[in-house]
Amino acid sequence: MELSESVQKGFQMLADPGSFDSNAFTLLLRAAFQSLLDAQADEAVLDHPDLKHIDPVVLKHCHAAAATYILEAGKHRADKSTLSTYLEDCKFDRERIELFCTEYQNNKNSLEILLGSIGRSLPHVTDVSWRLEYQIKTNQLHRMYRPAYLVTLSVQNTDSPSYPEISFSCSMEQLQDLVGKLKDASKSLERATQL
Amino acid sequence: MLLELSEEHKEHLAFLPQVDSAVVAEFGRIAVEFLRRGANPKIYESAARKLNVSSDTVQHGVEGLTYLLTESSKLMISELDFQDSVFVLGFSEELNKLLLQLYLDNRKEIRTILSELAPSLPSYHNLEWRLDVQLASRSLRQQIKPAVTIKLHLNQNGDHNTKVLQTDPATLLHLVQQLEQALEEMKTNHCRRVVRNIK
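Residues numbered from 1 in each chain as written. Chains lettered and ligands numbered in written order. Predicted model: local features only at pLDDT ≥ 70, side-chain atom pairs only at ≥ 80, totals over all residues. Heavy atoms only, no water.

*Asks:* When you look at the domain arrangement of chain A in this model, what are you seeing that I'm missing?
*Replies:* Think of interface size as the accessible area that goes away when the parts come together; that is how it is often given. If you check the domain split of chain A, you get domain 1 (5-117) and domain 2 (124-194). Taking only C-alpha atoms into account, the centre of domain 1 of chain A sits 48 Å from that of domain 2 of chain A. (Domains from an automatic or database assignment.)

Put into structure tokens, the structure is as follows:
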């Protein structure tokens, strides 16, 4: 994991009991996790009364350093020993290292879910709806009398916030073909998970 | 249900008894080609020269025949109704039989061509799929994220369109389940009753 000097400086300040007492340290740590993971976290996350005595510039620097480190650690799936080593290098005492590791462990799953959801992917199918109709006539052709399906796939796009849909019609035979192929895919998936 | 033929239409068709049945059969073939591929003026000219009539006459004769065949096919009229409709033209029995045969032989194909004229949505053509496992991304390493990548082939008005999509295993199972239910619907009593009774 490559971390900048800024992160390192921020952590060194966090390690210092003179700048951050135990309470302030815990609050800042929790604020860092909260601003990353809580979708509704507002900007006032650092506005706690017990943090008021600390210089706001220092506060912001350390908050940013902690958040950056947390993301890097999450990205690389850092284990406890990696975390401990880095924090030791930043002159954290045992108690603060334990605190950090515990907070990290508590939030690890949410962090990984968040990181895993970032990124580009193909349009993702989320749902399907269908309509069965019985075609009787058109203005060009009377007495048709055949069933037809209208299938709509709901799709989510990472690029745009819009939710386009893909609709198409098919006959009964075509739908059977489609379902057959999807079933092949899911059987293949089942077999792959058993390897 | 009888076909209603306008005066103009009857005039155009009046050309047919003046030629022998081989020519009428040939006109029938030209009429179906016309439906498949559009008009070919050269054919009209060469036929006009051989028969010693104006190419307009030939064109009207073919168009009249085409209209007769398409209207009959569209309405899917019975043999009897077709014969009765053509009877008013006062043609010979031989010509009437020929026209009926032309209708019956080409009806299915003409109906297929007519069905392509209806307003249509993209229709399903094919589906290709592929199993993928995402191992890492820029924001997270050491992942095992299975996904199914799908290429959906659709047709619309003759254009071939493909869409590449992805889905996760849970959604795939959901899709299969939902669409199987859709297929099952056709076998329910309700649908069977409708199919039986609307004819």
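*Asks:* Honestly, the layout of surface pockets in this entry has me stumped. Any pointers?
*Replies:* Over the atoms rolls a probe the size of a water molecule, and its path tells where empty space is left. One number sums up the size of the largest pocket: a volume of about 830 Å³. Residue lining of the largest pocket: 26 residues in total, with R146 and S169 of chain A together with S115, S120 and S123 of chain B positioned closest to the centre. Elements supplying a minimum of two residues to the lining of the largest pocket: strand 1 (124-135), strand 2 (146-156) and strand 3 (165-170) of chain A together with strand 2 (145-156) of chain B. When residues in the lining of the largest pocket are grouped by element, the largest group, 5 residues, is from strand 2 of chain A. Taken together, the residues that form the lining of the largest pocket break down as 9 nonpolar, 12 polar and 5 charged. Volume-wise, the second largest pocket comes out at about 580 Å³. (1 Å grid on protein atoms, 1.4 Å probe; cavity = no way out; pocket = protein on both sides within 12 Å on 5 of 7 lines; lining within 4 Å. Points joined across faces, edges and corners; volume = space filled by probe spheres on them. Helix = DSSP H or I, 4+ residues; strand = E, 2+ residues; numbered from the N terminus. Nonpolar A, V, L, I, M, F, W, Y, C, P; charged D, E, K, R; others polar.)

*Asks:* Whenever I open this one, the packing of aromatic side chains confuses me. Can you help?
*Replies:* One pass over the structure, following the stated rule, counts 10 aromatic pairs over all chains. Ring plane angle 10° and centroid distance 4.8 Å describe the contact between Y69 of chain A and Y86 of chain A, whose orientation is recorded as stacked. Pair noted here: Y69 of chain A is in helix 3 (residues 56-75) and Y86 of chain A is in helix 4 (residues 80-89), with a separation of 17 residues, a long-range link. With relative accessibility at 14%, the residue Y86 of chain A sits in the buried group. Ring geometry for F82 of chain B against Y103 of chain B: centres 4.7 Å apart, planes inclined by 5°, an arrangement best described as stacked. With F82 of chain B in helix 5 (residues 79-87) and Y103 of chain B in helix 6 (residues 93-115), the pair connects residues that are 21 residues apart, well separated along the chain. Summarising the burial analysis for this pair, F82 of chain B and Y103 of chain B share the class buried. Through successive ring pairs, a cluster of aromatic residues spans F11, F25, F33, Y69, Y86, F92 and F100 of chain A. (Phe/Tyr/Trp six-rings, centres within 6.5 Å; stacked < 30°, edge-to-face > 60°. Buried < 20%, exposed > 50% of the residue type's maximum accessible area, 1.4 Å probe, protein only.)

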